[in-house]
Amino acid sequence: MHLDGDHASSDTTPNFSFITPNLCNDGHDSPCVDGQPGGLASANAFLQQWVPKIEASPAFQDNGLLIVTTDESEVNESPDNYAACCNE
């Protein structure tokens, strides 16, 4: 990943970046193909690694915005009744 170098200065950081983790680190696969736990544990580890780096970057500190979205949910009983990952 070139994110470390790209975020080294505001001049090398694009105005918009879309970062998507692999199927293990996005909370989808559990366990992961490489034996990692996957699920929320791997998604949390990914965020703990990258969010502080992004927030510490000069570009982020110069009017940056970070949005984290997820898409994992299950359908319960009817198509209109969705459950979030954490019973929310």
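Since the model is a prediction, treat every value here as computed from it, not as a measurement.

Conventions we followed
Residues numbered from 1 in each chain as written. Predicted model: local features only at pLDDT ≥ 70, side-chain atom pairs only at ≥ 80, totals over all residues. Heavy atoms only, no water. Disulfide = S-S within 2.5 Å. Buried < 20%, exposed > 50% of the residue type's maximum accessible area, 1.4 Å probe, protein only. pLDDT = per-residue confidence, 0-100. Helix = DSSP H or I, 4+ residues; strand = E, 2+ residues; numbered from the N terminus. 1 Å grid on protein atoms, 1.4 Å probe; cavity = no way out; pocket = protein on both sides within 12 Å on 5 of 7 lines; lining within 4 Å. Points joined across faces, edges and corners; volume = space filled by probe spheres on them. Nonpolar A, V, L, I, M, F, W, Y, C, P; charged D, E, K, R; others polar. Patch = residues over 30% accessible without salt bridge, like charges linked within 9 Å, V, L, I, M, F, W, Y side chains within 5 Å. Areas by Shrake-Rupley, 256 points an atom, 1.4 Å probe, with all protein chains shown as cover. Salt bridge = Lys/Arg side-chain N within 4 Å of Asp/Glu carboxyl O.

## Here we look at the state of the cysteines
- Tallied over the entire structure, the rule returns 1 disulfide.
- The partner cysteine of Cys24 in its disulfide is Cys32, sulfur to sulfur 1.9 Å. In this structure, the disulfide formed by Cys24 and Cys32 twists by about 75° around the S-S bond and is classed as right-handed. Each member of the pair, Cys24 as well as Cys32, carries the same accessibility label: buried.

## Points about the confidence of the model for the chain
- Per-chain confidence: the chain averages 80 in pLDDT, with 78% of residues scoring 70 or above.
- Here strand β1 (residues 73-75) stands out as the element of the chain with the lowest mean pLDDT, 55, in contrast to helix α2 (residues 39-56), whose mean of 91 is the highest.

## Remarks on the layout of surface pockets
- When its volume is computed, the largest pocket comes out at roughly 1,200 Å³.
- Along the wall of the largest pocket there are 38 residues; nearest its centre are Ser17, Ile19, Leu66, Ile67 and Val68.
- Elements with a minimum of two residues in the lining of the largest pocket: α2 and α3 (58-61).
- Grouping the constituent residues of the lining of the largest pocket by class yields 19 nonpolar, 15 polar and 4 charged.

## Quick word on a nonpolar patch on the surface
- A surface patch of nonpolar side chains, amounting to about 210 Å² of accessible area, comprises Leu47, Leu66 and Val68.
- Mapped onto the secondary structure, Val68 falls in the loop between α3 and β1.

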